[in-house]
Amino acid sequence: MFKFFRKNELVEKNDKQELKKIPTHVAIIMDGNGRWAKKRNMPRIKGHYEGMQTVKKITKYASKLGVEYLTLYAFSTENWARPKEEVSYLMDLPEKMFSSFMPELMENNVKVEVIGVVEKLPENTRKAVNDAIEQTKNNTGLKLIFALNYGSKDEMLRAIKQITKDVQDKKYSIDEISEEHVSQNLFTSNTPDPDLLIRTSGEQRISNFLLWQIAYSEFLFTKVAWPDFTEEEFYKALLEYQSRDRRFGGLNED
């Protein structure tokens, strides 16, 4: 579970001293935007707007701390069932975000990537995403990965179909199919599995996110809604992560 700290317990000058083990890959289920807005008698889209500001803050902070991959669950395959007005706003968010955030992405050497069925997104969304990918393609720092129109079951089904086709094409036999074949046919084929999965806003479920990839990830659940998830909260999560004993099914010799 999440460990909570006093507000003034963590200060920037101590980052390097206290954080001795930085996860290579952090994945976040950014939950609670709508509930955050409802508590304040605001429309749900206001929560998504504030959530976008949190994406900017956490991206820059993760980059500063030395995280190499940050995957954000931005829009699931199930989110299409939400009200049309909300879906429309969410589809416009990439354009809004990248238009204002691009200078900082370049300044921080961040490379934008996307996983999911991008071709089924609206044209303006695809353009905003593809432009961001193109503009940052030569950056060598943090890889900021947005899961857009993403569902893990759909991802694995696509992998199964491709592996079946490969067997039919006699690229390898059924007996030769390995975990590596599955991993290589996922959207994340060029990305290491997450070391740490964070879900905000109190829910304790995975919601069809990176089901194959998080087999040995550490999980952290916090009641803090995504719009209120500050750099300090991210820092707390990393402090908790470094206290975990990751054995990957084995035993710690100590």
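For the structure itself, look to the data block above.
It should be emphasised that the depicted structure is a prediction, and the values quoted were computed from it without experimental measurement.

Just to check I follow, could you spell out the pattern of salt bridges for this structure?
Side-chain pairs of opposite charge can arise where the charged atoms are in close proximity. A full pass over the atoms with the stated rule returns 17 salt bridges. Ionic pairing is found between Arg44 and Glu86, a salt bridge with its closest N-O pair at 2.8 Å. With a gap of 42 residues between them, Arg44 in helix 3 (residues 44-65) and Glu86 in helix 4 (residues 84-107) connect regions that are remote in the sequence. Among the charged side chains, a network of salt bridges with common partners joins Asp31, Arg35, Arg199, Glu203 and Arg205.

Explain helix 3 here, please?
Note on helix geometry: an α-helix contains 3.6 residues per turn, so any two residues three or four positions apart are oriented the same way. Between its first and last C-alpha atoms helix 3 spans 31 Å; for 22 residues at 1.5 Å apiece the expected length is 32 Å, and the two agree. Trailing helix 3 by a residue or two, Gly66 shows a phi angle of about 100°, which is positive.

Just to check I follow, could you spell out the packing of helix 4 against helix 5 (residues 123-136) for this structure?
The angle between the axes and the distance between the axes are what describe a pair of packed helices. Between helix 4 and helix 5, the shortest axis-to-axis distance is 8 Å and the interhelical angle comes to 15°. Compared by their axis directions, helix 4 and helix 5 come out roughly parallel. The handedness of the crossing between helix 4 and helix 5 comes out as left-handed. Along its contact with helix 4, which presents Met91, Asp92, Pro94, Glu95, Phe98, Met102 and Met106, the element helix 5 presents Asn124, Thr125, Ala128, Val129, Ala132, Gln135 and Thr136. For the contact of helix 4 with helix 5, the class distribution of residues is eight nonpolar, four polar and two charged.

What's the story with unusual backbone geometry in this structure? I'm lost.
Excluding glycine, most residues fall at negative phi; most peptide bonds, likewise, are trans. Even without being a glycine, Asn208 presents a positive backbone phi close to 65°. Among the secondary structure elements, Asn208 is positioned in the loop between strand 5 (196-199) and strand 6 (218-221).

Thresholds applied
Each chain has its residues counted from 1, following the order in which its sequence is written. For a predicted model such as this one, the threshold for reporting local features is a pLDDT of at least 70, and the threshold for listing and counting side-chain atom pairs is 80 or more; totals across whole chains, interfaces and linings nevertheless cover every residue. As a convention, hydrogens and water are excluded, and side-chain values are obtained from all of the structure's heavy atoms. Whenever Lys or Arg places a side-chain nitrogen within 4 Å of a carboxyl oxygen from Asp or Glu, that contact is recorded as a salt bridge. The helix count covers DSSP runs of H or I at least four residues long, the strand count covers runs of E at least two residues long, and both are numbered beginning at the N terminus. Helix span, as expected, comes to 1.5 Å for every residue beyond the first. Axis geometry follows a simple rule: fit a line to the C-alpha atoms, using only the stretch in contact for helices, then measure angles between N-to-C directions, giving values from 0 to 180 degrees. Roughly parallel means an angle under 35 degrees; roughly antiparallel, over 145; roughly perpendicular, 65 to 115; everything else is oblique. Crossings are classed by handedness, with left-handed meaning an anticlockwise turn of the near helix from the far one by less than a right angle and right-handed meaning a clockwise turn. For this analysis, residues touch if any pair of their heavy atoms sits within 4.5 Å. Classes in brief: Ala, Val, Leu, Ile, Met, Phe, Trp, Tyr, Cys and Pro nonpolar; Asp, Glu, Lys and Arg charged; the others, Gly included, polar.

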